[in-house]
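Each chain, letter by letter, is given below.
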Amino acid sequence: MRGPAAADAAGLAARLADLALLAMVVALAGVLTAALVMEIAYGEKPCPLCLLERIGMFGICVGIVLHLRRGPSVRAIGLGFASALFLLVVSVRQVLLDICPRPGHSYVGSAVLGLHMPVWSVLVAVAVLAGFAGVLVAFGEAVWRPGPRHPGPARAAGWAGLYAAALCAINLITVAL
Amino acid sequence: MILIFAAMTAALAAAALGLRRLGAAALLAGLVLSAGLFLFEIHSREDGFAMPWLSTRGEGTGGAAGRDAVA
């Protein structure tokens, strides 16, 4: 396949890759919103490691939004990967802290669908890493394809980034108080 | 923790506004500070970074403890 047809196919792949990455940001924003609602509405105060897990999720959002907002960037996706790795390390360590019942140690907060927050964080980290891998395997070089892209995902990423920034600012206030 | 969340808020706002260098720099700063705080939080004076409650070198497992007992 050569010529305009190949360009169309590459453009479609790039757009689908952008939409998949945008879906990851939206899903993470949903998780972070739920965590904040549980903290403020249900009084489930997070521990320091829980807060660091939120930082990892915000970091993934930054990496993806940087990639979508100003054209493709390998470095921005790398920063998202690094944040996902940080999230995985922190959440696995927190799971290991409380995996054996002993005095003074138990999982923080109530269980959601039978799993506690640190366990959910491990699943989120694995899902994000699997998502990055899936996007790279499915769309290949189209992820970093230079040239003009559809403005929809970039615009939506801007709004999603602002929403995540607002969530992070609320977290900042709750930490400071 | 306040500094870390401030850095992340700045990184997200910069990313949303398309300021790539500022966003990346703030994210990197936030991640480095977070890594430092994480190591501080998990370090214990008695155990260091070890997790003795997860010890798998019990009796009869053939691990180091078992070898010591035989010796």
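All figures in this text were calculated on a predicted structure; none of them were measured in a lab.

Caption draft 1: The overall build of chain B, seen in detail. Within chain B, the secondary structure is distributed over three helices and zero strands. Order of helices (α) and strands (β) in chain B, N terminus to C terminus: α-α-α. Out of the 71 residues belonging to chain B, those deemed buried represent 35%. For chain B, the accessible area works out to roughly 4400 Å², and carbon and sulfur atoms hold 64% of it.

Caption draft 2: Layout of the UniProt feature "transmembrane region" (unreviewed entry) in chain B. Per the UniProt entry, the sites bearing "transmembrane region" (unreviewed entry) are residues 25-42 of chain B in this numbering. When the span residues 25-42 of chain B is considered, its composition is 100% helix and 0% strand, and the gap between its end C-alpha atoms is 26 Å.

Caption draft 3: Region of the structure containing the packing of helix α3 (residues 74-98) of chain A against helix α2 (residues 20-42) of chain B. Contact geometry of α3(A) with α2(B) gives a least axis separation of 11 Å together with a crossing angle of 15°. The orientation of α3(A) with respect to α2(B), classified from their angle, is roughly parallel. Both α3(A) and α2(B) take part in a crossing whose hand is left-handed. The segment α3(A) lies against α2(B), with Leu79(A), Ala82(A), Ser83(A), Phe86(A), Val89(A), Val90(A) and Arg93(A) engaging Ala24(B), Leu27(B), Leu28(B), Leu31(B), Ser34(B), Ala35(B), Phe38(B) and Ile42(B). Across the contact of α3(A) with α2(B), the residue classes tally to 12 nonpolar, two polar and one charged.

Caption draft 4: Local environment of the layout of surface pockets. Residue and element names in this part refer to chain A. Quantified by volume, the largest pocket comes out at close to 400 Å³. Contributing to the lining of the largest pocket are 20 residues, with Val 31, Ala 35, Met 38, Met 117 and Ser 121 lying nearest its centre. The set of elements that each furnish at least two residues to the lining of the largest pocket consists of α1 (4-42), α2 (48-69) and α4 (117-139). Residue composition of the lining of the largest pocket, grouped by class: 13 nonpolar, two polar and five charged.

Calculation rules
- Residues numbered from 1 in each chain as written.
- Chains lettered and ligands numbered in written order.
- Predicted model: local features only at pLDDT ≥ 70, side-chain atom pairs only at ≥ 80, totals over all residues.
- Heavy atoms only, no water.
- Helix = DSSP H or I, 4+ residues; strand = E, 2+ residues; numbered from the N terminus.
- Buried < 20%, exposed > 50% of the residue type's maximum accessible area, 1.4 Å probe, protein only.
- Areas by Shrake-Rupley, 256 points an atom, 1.4 Å probe, with all protein chains shown as cover.
- UniProt positions renumbered as here; feature names shortened; annotations may be inferred.
- Axes fitted to C-alpha atoms, helices over the stretch in contact; angles between N-to-C directions.
- Parallel < 35°, antiparallel > 145°, perpendicular 65-115°, else oblique.
- Left-handed = near helix turned anticlockwise from the far one by under 90°.
- Contact = heavy atoms within 4.5 Å.
- Nonpolar A, V, L, I, M, F, W, Y, C, P; charged D, E, K, R; others polar.
- 1 Å grid on protein atoms, 1.4 Å probe; cavity = no way out; pocket = protein on both sides within 12 Å on 5 of 7 lines; lining within 4 Å.
- Points joined across faces, edges and corners; volume = space filled by probe spheres on them.

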